[in-house]
Amino acid sequence: MKMTKLYQQDVYIKEWETTISRIEKDTVYLTESAFFPEGGGQSCDVGYICSSDGRLRARVTDVQEDGEDVAHTIAIADAPEGAAFSAGDAVKCGIDWDRRFDNMQRHCGEHILSGIFYQECGGVNRGFHMGEDYMTIDISLEDEPTNPDRTRPSVIDMQLALHCEQLANQVIWSNAPVIVMRFDSREEAEKLPLRKKLAFDEDISIVCVGSPENAADCVACCGTHPSTAGQVGLIKIYKVEKYKEMFRIYFEAGERALKDYDLKHDMLTDLANRYSSSIDDFPKKIHAQEEHLASVKNELFQLKKAFTEIESARLDQMIAETDENVVVCPLEHFSVDDAFNMAKSYMGSDRTGGKLLLLYSVPAASYVLVSDGSIKCGQLVREYANFYQGKGGGNDVSARAMFASDENAGLFAELLKNHLR
């Protein structure tokens, strides 16, 4: 006997009683089911199946189509000894309504937005994904808009996307009816103003947002949808990007769109409060801070440049005054990157005096090794740094060696002095 798909009769059924038609290991088949199986870009319902006496309860973790039947994967925890489901058992079932309604809001929101892109742009939805953090539709500009006042654009930018978003939300605010019509043949279904050609010939389900004579959207779909567009609540587009020869629209609908708005509004309010600003004045405040930061950065750059020249003069003096082959120059206020920038003018140059220079960043416990090339810096680091748990690398005229402590860094320098002496 063919299973009765209750979700096709009434998407608002949350609980019902039925019987088990057959069972295979952890898979149950029911004579009647309101569990929607995964399909049409929509995830499946989950919920529970329990015995009529309530002693045995199972979680429904996955629902998939199996020919004309529907397979319900179950998981049973803490079953009473000897208790098990059997074919013919009377059971009570229930779906996770929050998950179902979330799917209904999002899926219907996708319909409405896709219909508006077709109406305004002649854009055909060639891909749909309901992700955990957002939904996407891939719009291909291949038809003429059904709106006679518009021509097909060459691109979909954010401005055009937000125009379509506004129109989609107007459909929601109008609380247009969402009608599901079922047909046994393609001939009858194709009389409707479909935005997409049918891909099958029988058991056709058409979802129409608004009246068929003036539909915001009309397309074949097997998913679940609310009875009115107003239940979608809200559609919000996040971004648009070029994708292959199409345009990928990132968006959200329903309660998820509201939660995203709440999150971002709270973040914006918190940031505005930190800057002692209202939300309206916050962009001006940020712009002023960016200008001030740019000025401070320039001032810091000039100071660092002047300080680097002073330290370079000190290093030149050390090179001139020592007979050692290794010169260690401690830099108390330099990062290793600062030390490297200071070393650039010495790399491969006779400014080294033929010596190995060790520019030591005290805060980072790291050396920048520099030579004129006669002393192979990278080779020294590769051969000796690991003696003191150091790491790094480089080439003949420069290298970096990083250590976990000043002590290990000092031992490395002493080893090089002894080696090159």
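Residues numbered from 1 in each chain as written. Predicted model: local features only at pLDDT ≥ 70, side-chain atom pairs only at ≥ 80, totals over all residues. Heavy atoms only, no water.

**What about the sheet that holds strand β17 (residues 356-361)?**
Read across the open sheet, the 5 strands follow the order β16-β17-β18-β20-β19; overall the sheet is mixed. Across the chains shown, the open sheet's two edge strands, defined by having one partner strand only, are β16 (326-331) and β19 (391-394). In this sheet, neighbouring strand axes are inclined to one another by 15 degrees on average, regardless of whether the strands run parallel or antiparallel. Sitting on the sheet, helix α6 (residues 282-321) touches β16 and β17, and the angle it makes with β16 is about 155 degrees. Contacting β17, β18 (366-370), β19 and β20 (398-402), helix α8 (residues 377-384) runs over the sheet at an angle of about 25 degrees to β20. (Pairing = 2+ DSSP bridges. Helix = DSSP H or I, 4+ residues; strand = E, 2+ residues; numbered from the N terminus. Axes fitted to C-alpha atoms, helices over the stretch in contact; angles between N-to-C directions. Contact = heavy atoms within 4.5 Å.)

**Let's talk about the layout of surface pockets**
In this structure, the largest pocket occupies an estimated 1000 Å³ of space. The wall of the largest pocket is formed by 44 residues, among which Ser205, Ala220, Cys221, Cys222 and Gly223 lie closest to the centre. Where the lining of the largest pocket is concerned, the elements lending two or more residues are β1 (4-5), α1 (6-9), α2 (97-121), β9 (123-130), β11 (178-183), β12 (204-209) and β13 (217-220). (1 Å grid on protein atoms, 1.4 Å probe; cavity = no way out; pocket = protein on both sides within 12 Å on 5 of 7 lines; lining within 4 Å. Points joined across faces, edges and corners; volume = space filled by probe spheres on them.)

**A short note on the pattern of salt bridges**
If you walk through the whole model with that rule in mind, you get 25 salt bridges. Asp316 is the salt-bridge partner of Arg351, the closest N and O atoms lying 3.0 Å from each other. Of this pair, Arg351 sits in the loop between α7 (336-343) and β17 while Asp316 sits in helix α6; the two residues are 35 residues apart in sequence, bridging distant segments of the chain. Its relative accessible area of 32% is what places Arg351 among the partly exposed residues. Relative accessible area serves as the criterion here: at 30%, Asp316 is assigned to the partly exposed category. (Salt bridge = Lys/Arg side-chain N within 4 Å of Asp/Glu carboxyl O. Buried < 20%, exposed > 50% of the residue type's maximum accessible area, 1.4 Å probe, protein only.)

**Observations concerning the nonpolar core**
Core analysis: the biggest nonpolar cluster contains 33 residues, and Ile112, Leu113, Phe117, Ile156 and Ile235 have the highest contact counts within it. Looking at this core, the elements with two or more residues in it are α2, β10 (135-141), α3 (158-173), β12, β14 (235-243) and β15 (246-253). Each residue touching Ile235, except ones within four places of it in the same chain, is listed here: Gly109, Ile112, Leu113, Glu165, Ala168, Asn169, Ile172, Phe251, Glu252 and Ala253. Listed in part, the 24 residues of the second largest apolar core include Met3, Leu6, Trp16 and Leu56. (Core = buried A, V, L, I, M, F, W, Y, C linked by side-chain atoms within 4.5 Å.)

**Some details on the sheet that holds strand β5 (residues 47-51)**
Two pairing modes exist for strands in a sheet, parallel and antiparallel, and in both the strands are linked by backbone hydrogen bonds. Taken in spatial order, the 6 strands line up as β2-β3-β7-β6-β5-β8 and close into a barrel, and their pairing is antiparallel. The mean inter-strand angle of the sheet, taken between neighbouring strand axes irrespective of direction, is 45 degrees. Relative to strand β7 (residues 69-76), strand β3 (residues 27-30) runs antiparallel, the two sharing 2 bridges. For Val28, the partnering residue across the bridge sits in β7 and is His72.

**Focus: the state of the cysteines**
Applying the stated criterion to the full structure yields 0 disulfides. Distance from the sulfur of Cys218, which forms no disulfide, to the nearest cysteine sulfur (Cys208) is 4.1 Å. The thiol sulfur of Cys377 is not disulfide-bonded, and the nearest other cysteine sulfur, from Cys329, lies at 15 Å. Taking the relative accessible area as the measure of exposure, Cys377 reaches 0% and is therefore buried. (Disulfide = S-S within 2.5 Å.)

**Some words on the environment of Gly223**
Along the chain, the position of Gly223 falls in the loop between β13 and β14. Considering only alpha carbons, one finds Gly223 and Tyr7, 216 residues apart in sequence, at a separation of 9.3 Å. If sequence neighbours within four positions are ignored, Gly223 has contacts with Phe36, Gln42 and His107.

**So, the packing of aromatic side chains**
By the definition in use, this model includes 12 aromatic pairs. Note on Tyr7 and Phe36: the rings are 5.5 Å apart at their centroids and 85 degrees apart in plane angle, and the pair reads as edge-to-face. On the criterion of sequence distance, the pair formed by Tyr7 in helix α1 and Phe36 in the loop between β4 (32-33) and β5 is long-range, its members being 29 residues apart. Grouping residues by exposure puts Tyr7 and Phe36 together as buried. (Phe/Tyr/Trp six-rings, centres within 6.5 Å; stacked < 30°, edge-to-face > 60°.)

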